[in-house]
Amino acid sequence: MPVRALVVDPSASAAVRLAEVSDPVPAPGQVLVDVSHASLNYGDLNDARSGRIPVGAVLGSDAAGVVVRAMADGTGPAVGTRVVALTAGAFAERVAIDVGALAEVPKGLQPAQAAALPVAGVAALRSLRAAGLGPDKRVLVTGASGGVGRFAVQLAARAGAHVIASVGSAARAEGLSEAGADEVLIGLECLHRPVDVVIDSVGGSQLVAAWNLLAPGGSVQSVGWTSGEPAVFAPYATVGPAKSLNSFVIEGEAGADLAVLTRLAAEGLLRVEVGWQGSWDRFEEAAEALRGRRVVGKAVMALGSPL
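Note that the structure is a prediction, hence the values are computed from the model and not measured.

What counts and what doesn't
Residues numbered from 1 in each chain as written. Predicted model: local features only at pLDDT ≥ 70, side-chain atom pairs only at ≥ 80, totals over all residues. Heavy atoms only, no water. Helix = DSSP H or I, 4+ residues; strand = E, 2+ residues; numbered from the N terminus. Rg over C-alpha atoms; globule rule 2.2 N^0.38 Å. Buried < 20%, exposed > 50% of the residue type's maximum accessible area, 1.4 Å probe, protein only. Contact = heavy atoms within 4.5 Å. Areas by Shrake-Rupley, 256 points an atom, 1.4 Å probe, with all protein chains shown as cover. Pairing = 2+ DSSP bridges. Axes fitted to C-alpha atoms, helices over the stretch in contact; angles between N-to-C directions. Phe/Tyr/Trp six-rings, centres within 6.5 Å; stacked < 30°, edge-to-face > 60°. Lys NZ or Arg CZ within 6 Å of the ring centre and 35° of its normal. Parallel < 35°, antiparallel > 145°, perpendicular 65-115°, else oblique. Left-handed = near helix turned anticlockwise from the far one by under 90°. Arc of directions from axis to C-beta. Nonpolar A, V, L, I, M, F, W, Y, C, P; charged D, E, K, R; others polar. Salt bridge = Lys/Arg side-chain N within 4 Å of Asp/Glu carboxyl O.

Draft legend 1. Main features of the overall build of the protein. Within the protein, the secondary structure is distributed over eight helices and 15 strands. In terms of overall size, the protein behaves like a compact globule, its C-alpha atoms giving a radius of gyration of 19 Å where 307 residues would be expected to give roughly 19 Å. In terms of principal-axis extent, the alpha carbons of the protein reach across some 60 × 40 × 35 Å. Counting only residues that meet the buried cut, the protein has 52% of its 307 residues in that class. Put simply, of all contacts in the protein between residues at least 6 apart along the chain, 66% involve residues at least 24 apart. Carbon and sulfur atoms provide 53% of the accessible area of the protein, an area that totals close to 13400 Å².

This is how it looks when you write it as structure tokens:
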């Protein structure tokens, strides 16, 4: 039987429409999951319009739900297990998912919260790890009010770093001090001391400013580019003591990192902020709120019926 899904359609106003697709058949190493909640990422909106996802293909990466068909060999999560996954084609009522791409959702963690973790949480965790996070580091997080940013602030603070959160307006600074930020700034104009690590999701001129603030031996992890603006470096800006600007993308299986994140969230050690919630038939509303930077934290959709 067909299942409903959000598929790429350039002719639709948000380049996405609700449609019926074939019921997925799990391959070896996969389980079948009934999806109850999915999280919308800025990258999903770009994927829908960029041509990276073919027309008619199911959009999305973040999904939470319940296993309805286990692996044939008896390994992996059993039927009835609540899981969260980072997987292609997540915006569908039923998805076949690689076992290595998912983690069990612990008791005490709601599915809407779990669905908010995969892309943003894994990006924050892995980019900080790649940058060489440590308790003696000064860590700058740009776009700190978004999904990746709020997770990065909390994870860096848990590691003992001095955390500087940069946001675009005073309204978007709410809750960041409580999340662990030692300093909360609007823009970067008031920041003069060098930093060791930058987690940047803004790009453009802010990326250039962050690069100029980087201490020798430091690392900028470019995890997003929500500004949509070019980054123009002055001549010789990249000549001097060694420091690095690193591109970032989530590669490989995310299950182990999702297990870490879900455990922290279930224990109250990682706060999951959901700034927009609604049924997936309100996708356009969620997309406009995300593009307009009116979502603090994550946007989460309930599949099939309103929350």
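Draft legend 2. The arrangement of the sheet that holds strand β12 (residues 214–222) in detail. A sheet is described by the order of its strands in space; here six strands give the open sequence β10-β9-β8-β11-β12-β13, paired in parallel fashion. With partners counted over all chains shown, the strands left at the sheet margins are β10 (183–186) and β13 (244–247), one partner each. Strand-to-strand twist in this sheet, taken as the mean axis angle between neighbours without regard to direction, amounts to 20 degrees. Bridge count for β12 against β13 is four bridges, and the pairing is parallel.

Draft legend 3. Unusual backbone geometry, seen in detail. Although it is not a glycine, Y236 adopts a positive phi angle of roughly 70 degrees. When you line up the elements, Y236 lands in the loop between β12 and β13. At R293, a residue that is not glycine, the phi angle is positive and equals roughly 55 degrees. On the secondary structure map, R293 appears in the loop between α8 (283–291) and β15 (298–302). Relative accessible area serves as the criterion here: at 43%, R293 is assigned to the partly exposed category.

Draft legend 4. Structural detail: the packing of aromatic side chains. Scanning the model with the defined rule gives one aromatic pair in all. Measuring from ring centre to ring centre gives 6.5 Å for W211 and F233, while their planes differ by 85 degrees; the resulting arrangement is edge-to-face. Here W211 is found in helix α6 (residues 204–213), whereas its partner F233 is found in the loop between β12 and β13, with 22 residues between them in sequence. The residue whose ring lies beneath K243 is W211, and the NZ or CZ to ring-centre distance is 4.6 Å. The cationic tip of R291 hangs over the ring face of Y42; the distance from NZ or CZ to the ring centre is 5.9 Å.

Draft legend 5. Representation of the packing of helix α3 (residues 118–131) against helix α4 (residues 147–158) in the model. At their nearest, the axes of α3 and α4 sit 8 Å apart, and the two run at 45 degrees to each other. It follows from the interaxial angle that α3 and α4 lie oblique. Between α3 and α4 lies a crossing whose hand is right-handed. Of the residues in α4, those in contact with A120, G121, A123, A124, L125 and L128 of α3 are G147, V148, F151, A152, L155 and A156.

Draft legend 6. Just the side chain of S145, in detail. As for its position among the elements, S145 is in the loop between β8 (138–141) and α4. Once residues within four sequence positions are removed from consideration, S145 is found in contact with R150, V167, R172, V295, V296 and G297.

Draft legend 7. Representation of α8 in the model. Those residues of α8 lying buried are F283, A286, A287, A289 and L290. Projected down its long axis, α8 shows its buried positions confined to an angular sector of 165 degrees, all on one face. The inward-facing, buried residues of α8 abut β1 (3–8), β2 (16–21), β3 (30–40), α1 (42–50), β14 (274–279) and β15. Immediately downstream of α8, the backbone of R293 shows phi near 55 degrees, a positive value.

Draft legend 8. Structural view of the packing of α1 against α8. In contact at an axis separation of 10 Å, α1 and α8 are set at 110 degrees when each is read in the N-to-C sense. By the angle between their directions, the pair α1 and α8 is classed as roughly perpendicular. Remark: the crossing between α1 and α8 carries left-handed chirality. Touching Y42, L45, N46 and R49 of α1 are F283, A287, L290 and R291, all from α8. For the contact of α1 with α8, a count of residues per class yields five nonpolar, one polar and two charged.

Draft legend 9. Broad picture of the environment of W211. By relative accessible area, W211 is classed as buried at 6%. Linking W211 and V300, residues 89 residues apart in sequence, is a C-alpha distance of 33 Å. If we ignore the near neighbours within four places in the chain, the residues touching W211 are V220, F233, A237, T238, K243, S244 and L245.

Draft legend 10. Spatial organisation of the pattern of salt bridges. Under the defined criterion, the tally for this structure stands at 10 salt bridges. Linking R129 and D257 is a salt bridge whose minimum nitrogen-to-oxygen distance equals 3.1 Å. Of this pair, R129 sits in helix α3 while D257 sits in helix α7 (residues 255–266), placing them 128 residues apart in sequence. The partner of E273 in a salt bridge is R150, and the shortest N-O contact between them spans 2.9 Å. Separated by 123 residues along the polypeptide, E273 in the loop between α7 and β14 and R150 in helix α4 bring together distant segments of the chain. With respect to class, E273 is no different from R150; both count as buried. Taken together, the shared-partner salt bridges connect D23, D34 and R94 into one network.

Fair warning: the whole summary comes from geometry, so function is off the table for now.
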